[in-house]
Amino acid sequence: MYVGAPVKRLEDRRFLTGRGSFVDDIVLPGTVQAIFVRSPHPHAKIKQINSDRASKVPGVLGIYTGKDCEEAGLGRFVVWSPVHSRDNVARPEETQFMLALGKVLYVGEPVVLVVAETKYAALTAADEVEIDYEPLPFITDTSKALDDDVPVIHDSMESNLVFDIDMGDKAATEAAFSAAAHVTEITLTNNRITANPMEPRAILASYDPASDGFTLWVSHQAPHMLKRDLAQNTLKHPEHKIRVVSPDVGGGFGMKVANHPEEPLLLWASRRVGRPVRWTSTRSEGLIADSQARDHWTKCKMALDENGKILAISADTLAGLGAFQTRMGASIPAHFYSRSLIGLYKMPTAYCRVRGVHTNTPPIQAYRGAGRPEAIYVLESLVDNAAVEMGIDLREIRRRNFILKEEFPYKVPFGITYDTADPIGLLDKGADLFGYDQLREKQKAMRSEGGLQLGIGVACFIDCVGTPSKVAAAMGRKIVGGWDSAAIRILPSGKITVLAGSHSHGQGHATSYAQIAADWLGCPIDTIDVVEGDTDRVQFGHGTWGSRSTITSGIAVAKAAQQLQLKCRKIAAHMLECSDDDVTVENGVFHIPGTDRNVTLEDVAQMAYQGGNLPPGMEPSLEQLSFHDPADRSFASGIHYCAVLVDPQTGRVKVHKYTVIDDCGTIINPIIIKGQAHGGIAQGVGQALMEDCTFDHASGQPLSGTFMDYAMPRAIDFPPFDVGVQETPAPSNPLGVKGAGESGTIGALAAVRNAVVDALRPQGIKHIDMPMTPARVWAAIEAAKTK
Ligand code: MCN
């Protein structure tokens, strides 16, 4: 069996020896360079654009504005997952046009596209473009976006409110708070961040006049979805004449599932100039022009009885969406965030209100966890605060409130039914691996000594993945995207190609899908290659996001392999002149048990293609296409334990110990699960301690435009992580798998926040907003001293 075995990642030899092929590595003859002139204003009218001087720069091939794009018939992005407000007021869906038209709405918005023979010529010409702006009042602070005295940023709207939804039972929740023995309350922000993948966004676009076809090589997570958007909404060109290739992608983290204006623009420009056109984002450009994430401002509270049993949670959130709505941006806070607020706890009632708002900032899209880290941050901050205020140990309060293993399937107040989990198993396993009791002893000793302070934080989570198409449709998604695909081709030589509709940009699909296919076909893993990311080679699929690939494409691989194995067995039985049931398969050999009679997969494949001696009625070849739409959602879960050391003199926080227990159902590959957890934790810790897209609210300018200002975590910022696993198989799919790709991030924000606050509770600190930089922690300590 390969499933469950620690198979080393098959793709890593290529990556580790520098043989990956990324967009910027692809060379086409005659390629020219695109550069974007971007808005320096958070909000301004464009009075005039003068490109006379710019167009005289030697080597310039084209200079294009929003008007040119409009005249050429390019379209706008559309919202694929609209959110309907509870007041049923239809508010305009303000989405982005390819280049700013009439006015700019955020610093970094593309205004002019320059195409030139060389990057130098394009940069020089971009500097010569003269744009006359009339600055307008702006708002960059999400918490104030609905105040009376702030500008409304879209002329078509009456306020900056995009949607206002609520869920749960408001009256019952209020009653629970009135009757509660204890109420804990916090106001917290979830800082705006961006992905900064190792490979920045990169595009190479080419138009072929002979076929009237476009090819786009792009660092992206969902090539078919991008192609569909290009065909229908932005480029508006027949779908069968567009090919999108996402080759090796050096990290996406949700940011590269967003469609950005540069993609259709470069394709369009390649037709205008008659040459392939390239653009690779710089780091600073990425920090203002890539989609961003999180950006919540939340007032929340939790009601408990005298025994520390949770009676209700209530949250009221303003979710920043940036200047424009994106495909999924609004649904992240409206659907993914709100539905995750209950976590692993039994609570009789709950209420959540979310208002999505526009501000003069880059548009919001997914980032690892998308909505779920935000929810768990709210929930687990409240649980830890309540525990301390009521004098209950952090583990004990969870033990008292957890849904018990035997109570699953379990329906929570927002009407969702969790499939399987074992929260107490997570709690105990995690505490042992972490050394919880020993660390508490160490904390006591350090407290009495003064100096560095040790803090311990706990956070557990539930992660809902694999929304079936019918559920997505009922939620109002226009492109439901619940299912995915896989095709398997056994070639005449017996070698195997798996084509999957998902896309791997670091997740290791080339290994984990090969493991599934090998087991379900009954053949050795080294005969299998996995192909993803080319819309001309691979059948339609929705790409990779929301930790959905294994429970959709992964299952489709198993289904296709099962069908093919049946066909192979029939051919083998026919060749061995026995019944199908007499044949078993192992390691690529079909044999009749108890005899020495066998044929190999190579023999069977040759026969399948030769076609001379196939069972009556059987079609030749060995190809199988399969689709999988989950029967139900599945719910991964886990627990994070974090210990930090805080220096009260400087406010510096160091992560001292970090333990995760991950339950992603049946594990395909434990090495990959660990790797996914490591990367996820690093990103969560990064957000909690240092990463921040900051704006000067007085000038509207972004303050984090370089890596000197936007702090990314480095290896030195982490201790070795301990990752343990627990398996509660998902009942809704034949592999028993749940999602794993985001679990490391989902619990990390709250675990780190809780640890830092735990270290500083003796000083009277109840909450510190993320990122908990030394300056912010120090200021909190100083403020507490003066109270
Ligand atoms: N897996 C497993 N056993 C399970 C479940 C999953 O072995 N029970 C394996 C899978 O087969 C796969 C990996 O774990 O190789 C992740 O699987 P899955 O949970 O299905 O998630 P996806 O493949 O759909 O990946 C998406 C997820 C998301 S949403 C983001 S964002 C993210 C992430 O994965 N971005 C990443 N991990 C990333 N890792 C890297 N290196 N780079 C990114 O951009």
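The structure displayed is predicted, hence computed values, not measured ones. (Residues numbered from 1 in each chain as written. Predicted model: local features only at pLDDT ≥ 70, side-chain atom pairs only at ≥ 80, totals over all residues. Heavy atoms only, no water.)

Student: How should the overall build of the chain be read in this particular structure?
Tutor: Secondary structure summary: the chain contains 21 helices and 30 strands in total. With the C-alpha coordinates aligned to their principal axes, the bounding extent of the chain is approximately 90 × 75 × 50 Å. By residue count, 62% of the 787 residues in the chain fall in the buried class. Taking the contacts inside the chain whose residues are at least 6 apart along the sequence as the reference set, 79% of them involve residues at least 24 apart. In the chain, which carries 78 positive and 92 negative side-chain charges, the distance between the mean positions of the two groups comes to 1 Å. (Helix = DSSP H or I, 4+ residues; strand = E, 2+ residues; numbered from the N terminus. Buried < 20%, exposed > 50% of the residue type's maximum accessible area, 1.4 Å probe, protein only. Contact = heavy atoms within 4.5 Å. Lys, Arg positive; Asp, Glu negative; His and termini not counted. Charge placed at Lys NZ, Arg CZ, Asp CG, Glu CD.)

Student: Help me understand the nonpolar core, please; the structure alone is not making it clear to me.
Tutor: Tyr658 and Val756 are the most contacted members of the largest nonpolar core, which totals 103 residues. Leaving out residues up to four positions away in the same chain, Val756 has contacts with Val644, Val646, Val653, Leu689, Ile768, Met772 and Val777. Within the second largest apolar cluster, 48 residues are counted, among which are Ile490, Ile555, Val557 and Ile571. (Core = buried A, V, L, I, M, F, W, Y, C linked by side-chain atoms within 4.5 Å.)

Student: Just checking my understanding: could you explain the site of the ligand for this structure?
Tutor: Close to the ligand lie 32 residues; Gln507, His509, Ser549, Thr550 and Ala740 are nearest. Separating a nitrogen atom of the ligand from a backbone N or O atom of Thr666 is a distance of 2.7 Å. Within the backbone of Ala740, one N or O atom sits 2.5 Å away from an oxygen atom of the ligand. Burial of the ligand by the protein chains amounts to 96% of its free accessible area of 840 Å². (Near = heavy atom within 4 Å. Polar contact = N/O pair within 3.5 Å; in protein donor to acceptor, adjacent residues only side chain to side chain. Areas by Shrake-Rupley, 256 points an atom, 1.4 Å probe, with all protein chains shown as cover.)

Student: Explain the pattern of salt bridges to me, please; I cannot follow it from the model alone.
Tutor: Pairing of side chains with opposite charge becomes possible as their charged atoms draw close. Scanning the model with the defined rule gives 40 salt bridges in all. Across the salt bridge formed by Arg86 and Asp166, the nearest N and O atoms sit 3.1 Å from each other. Of this pair, Arg86 sits in the loop between helix H3 (66–71) and strand E4 (103–104) while Asp166 is found in strand E7 (residues 161–168), placing the two residues 80 residues apart along the sequence. For Arg86, a relative accessible area of 39% corresponds to the partly exposed category. Since its relative accessible area comes to 28%, Asp166 is described here as partly exposed. With a closest N to O distance of 2.8 Å, Asp428 and Arg399 form a salt bridge. Of this pair, Asp428 sits in helix H12 (residues 423–434) while Arg399 sits in helix H11 (residues 394–401), and the two are 29 residues apart along the sequence. Its relative accessible area of 29% is what places Asp428 among the partly exposed residues. Since its relative accessible area comes to 31%, Arg399 is described here as partly exposed. One salt-bridge network, held together by shared partners, links Arg38, Arg201, Glu262, Glu285 and Asp290. (Salt bridge = Lys/Arg side-chain N within 4 Å of Asp/Glu carboxyl O.)

Student: Hey, could you run me through the domain arrangement of the chain in this one?
Tutor: Size of an interface, as often reported, equals the accessible area lost when the parts are brought together. Split into domains, the chain comes out as domain 1 (21–139 + 200–286), domain 2 (417–466 + 633–786) and domain 3 (483–628). Between the C-alpha centres of domain 1 and domain 3 there is a distance of 40 Å. Every contact between the two is made by 19 residues of domain 1 and, on the other side, 15 residues of domain 3. Contact with domain 3 buries area across many residues of domain 1, yet Gln221, His224 and Arg243 alone supply 44% of it, more than any other trio. At the junction of domain 1 and domain 3, the tally comes to two salt bridges. Among the salt bridges present, the one from Asp536 reaches Arg243, with a minimum N-O distance of 3.8 Å. Scanning the region where domain 1 abuts domain 3 turns up nine residue pairs in polar contact (both at pLDDT 80 or more). Counting residues per element, the ones that place at least two in the side of domain 1 that touches domain 3 are helix H6 (223–234) and strand E11 (242–245). (Domains from an automatic or database assignment. Buried area = accessible area lost by both parts, 1.4 Å probe.)

Student: What exactly am I supposed to notice about the side chain of Gln325 here?
Tutor: Considering the arrangement of structural elements, one finds Gln325 in the loop between strand E14 (310–320) and helix H9 (331–337). Residue contacts for Gln325: discarding those within four places in its chain leaves Val79, Pro92, Glu93, Glu94, Thr95, Gln96, Val162, Ala330 and His358.

Student: What should I look at first to understand helix H21 (residues 774–786) in this one?
Tutor: Two residues of an α-helix separated by three or four positions point the same way, owing to the 3.6 residues in each turn. The first and last C-alpha atoms of H21 sit 19 Å apart over 13 residues, in line with the 18 Å expected at 1.5 Å per residue. Listed as buried for H21 are Val777, Ala780, Ile781 and Ala784. Angularly, the buried residues of H21 cover 95° about the axis, an arc narrow enough to put them on a single face. More than 90 degrees from the buried face of H21, the exposed residues found are Ala775, Lys785 and Thr786. In this structure, the buried side of H21 is in contact with strand E26 (634–646), strand E27 (653–663) and helix H20 (748–760). (Expected span 1.5 Å × (residues − 1). Arc of directions from axis to C-beta.)

Student: Sorry, what's going on with unusual backbone geometry here?
Tutor: Glycine aside, residues mostly have negative phi angles, and peptide bonds mostly take the trans form. Following Phe408, the chain continues to Pro409 via a peptide bond in cis, the omega torsion being 0°. Turning to its location among the elements, Pro409 is positioned in the loop between H11 and strand E16 (410–411). Note the cis peptide between Met770 and Pro771, where omega equals -10°. Summarising the element assignment, Pro771 is placed in the loop between H20 and H21. The backbone of Glu577 shows a phi angle near 55°, a positive value even though the residue is not glycine.

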